[in-house]
Amino acid sequence: TWNHILLIDSNSPLMEQLNFFHDHTLLIITLITILVGYNMLSLLTNSFINRFLLHGQLIEIIWTILPAIILLFIAFPSLRLLYLLDETNKPSLTLKSIGHQWYWSYEYSDFKNIEFDSYMIPSAELNEGDFRLLDVDNRIVLPNHTQIRLIATATDVIHSWTVPSLGVKIDATPGRLNQTNFYMNRSGLFFGQCS
């Protein structure tokens, strides 16, 4: 709705970590913006002169080292998250997702050989309360509190399988299998789009 200005509510531990990293980085950027804005405003409004203004090695050392330290405060949590997102640990269920031009095909091959296609519902056939360009005729049903592996590929062009509330985005490329994993905290209806 109109009042949602932050990220979507998380449904997985990885998305919670992504939200925390977003807030952490946003705080650092806000502090930098306030500091630089204050310095620019004070330079415009003061009339101080200093004959040693052209020779300031100490301040040059400070404004070279301080941004490097600030970048470390952003880089280390970012690298930690990248490794967490790429880690796959003993999935209980595997879902194979195949992207086509206007629909997705899904295969549950762990227990029974279940295959189905999922088409987007046309705007003329939507019911009251359905979401335009998001609702499909056959939805994926997945268990919560279970480690799920997603294998994505495509048949024609590059697609992207995305569910923002799970923190999952994976490219489906023809002739290549890409793999990711996710873990759902709660049950519900979660939408994604090819992005």
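Computed from a prediction, not measured in an experiment: that's the story for all the values here.

J.: Looking at this structure, how should I read the UniProt feature "transmembrane region" (unreviewed entry) in the chain?
T.: According to UniProt, the positions carrying the feature "transmembrane region" (unreviewed entry) are residues 25–49 and 61–85. Between the C-alpha atoms that bound residues 25–49 the distance is 36 Å, and the span itself is 84% helix and 0% strand. Secondary structure content for residues 61–85 is 100% helix and 0% strand, and the end C-alpha separation is 36 Å.

J.: Explain the environment of Ile121 here, please?
T.: By secondary structure assignment, the location of Ile121 is in the loop between β3 (114–119) and β4 (147–154). The sequence separation of Ile121 and Gln101 amounts to 20 residues, and the corresponding C-alpha distance is 15 Å. The residues touching Ile121, leaving out its near neighbours within four places in the chain, are Leu126, Asp135, Val136 and Asp137.

J.: Would you mind showing me how to read the pattern of salt bridges here?
T.: For side chains of opposite charge, pairing can occur when their charged atoms come near one another. Inspection of the entire model under this criterion finds one salt bridge. A salt bridge links Asp135 to Arg139; the shortest N-O distance between them is 2.7 Å. With relative accessibility at 3%, the residue Asp135 sits in the buried group.

J.: Before we go on, may I ask you to explain the sheet that holds β3 in this structure?
T.: Taken together, the five strands give an open sheet; going across it, the order is β3-β2-β1-β4-β7, and neighbouring strands pair in mixed fashion. The open sheet is flanked by β3 and β7 (178–183), the only strands paired with a single partner. Ignoring which end each strand starts from, the neighbouring axes of this sheet average 25° apart. Inspection of the sheet shows β4 paired to β7 by six bridges, in the antiparallel sense. Paired with Ile148 across the strands is Phe182, a residue of β7.

J.: Even after reading the chapter, I still don't get a nonpolar patch on the surface, so can you show me in this structure?
T.: Taken together, Leu58, Ile59, Ile62, Trp63 and Leu66 make up a surface patch of nonpolar side chains, about 530 Å² in accessible area. Within the secondary structure layout, Ile59 lies in helix α2 (residues 57–86).

J.: I would appreciate a short explanation of unusual backbone geometry in the present structure.
T.: Excluding glycine, most residues fall at negative phi; most peptide bonds, likewise, are trans. Non-glycine residue Leu133 carries a positive phi angle of around 65°. Considering the arrangement of structural elements, one finds Leu133 in the loop between β3 and β4. One non-glycine residue, His145, adopts positive backbone phi at about 55°. Relative to the assigned elements, His145 resides in the loop between β3 and β4. Its relative accessible area of 52% is what places His145 among the exposed residues.

J.: Is there a simple way to think about the packing of aromatic side chains in this case?
T.: Each aromatic ring pair is specified by the distance between its two centres and by the angle formed by the two planes. The final tally for this structure, using the stated rule, is five aromatic pairs. Centroid distance Tyr106 to Phe116: 5.7 Å. Interplanar angle 40°. Geometry classified as tilted. You can see Tyr106 sitting in strand β2 (residues 103–108) and its partner Phe116 sitting in strand β3, a full 10 residues away along the chain. Overall, the relative accessible area of 6% leaves Tyr106 in the buried class. Through a chain of ring-to-ring contacts, three or more aromatic side chains come together here, namely Tyr106, Tyr108 and Phe116.

J.: Even after reading the chapter, I still don't get helix α1 (residues 13–45), so can you show me in this structure?
T.: A turn of α-helix holds 3.6 residues, and therefore any two residues three or four places apart point the same way. Under the 1.5 Å per step criterion, the end-to-end length of α1 is 48 Å for 33 residues, consistent within 8% with the ideal 48 Å. If you check which residues of α1 are buried, you get Leu14, Met15, Asn19, Thr25 and Ile28.

Analysis parameters
Residues numbered from 1 in each chain as written. Predicted model: local features only at pLDDT ≥ 70, side-chain atom pairs only at ≥ 80, totals over all residues. Heavy atoms only, no water. UniProt positions renumbered as here; feature names shortened; annotations may be inferred. Helix = DSSP H or I, 4+ residues; strand = E, 2+ residues; numbered from the N terminus. Contact = heavy atoms within 4.5 Å. Salt bridge = Lys/Arg side-chain N within 4 Å of Asp/Glu carboxyl O. Buried < 20%, exposed > 50% of the residue type's maximum accessible area, 1.4 Å probe, protein only. Pairing = 2+ DSSP bridges. Axes fitted to C-alpha atoms, helices over the stretch in contact; angles between N-to-C directions. Patch = residues over 30% accessible without salt bridge, like charges linked within 9 Å, V, L, I, M, F, W, Y side chains within 5 Å. Areas by Shrake-Rupley, 256 points an atom, 1.4 Å probe, with all protein chains shown as cover. Phe/Tyr/Trp six-rings, centres within 6.5 Å; stacked < 30°, edge-to-face > 60°. Expected span 1.5 Å × (residues − 1).

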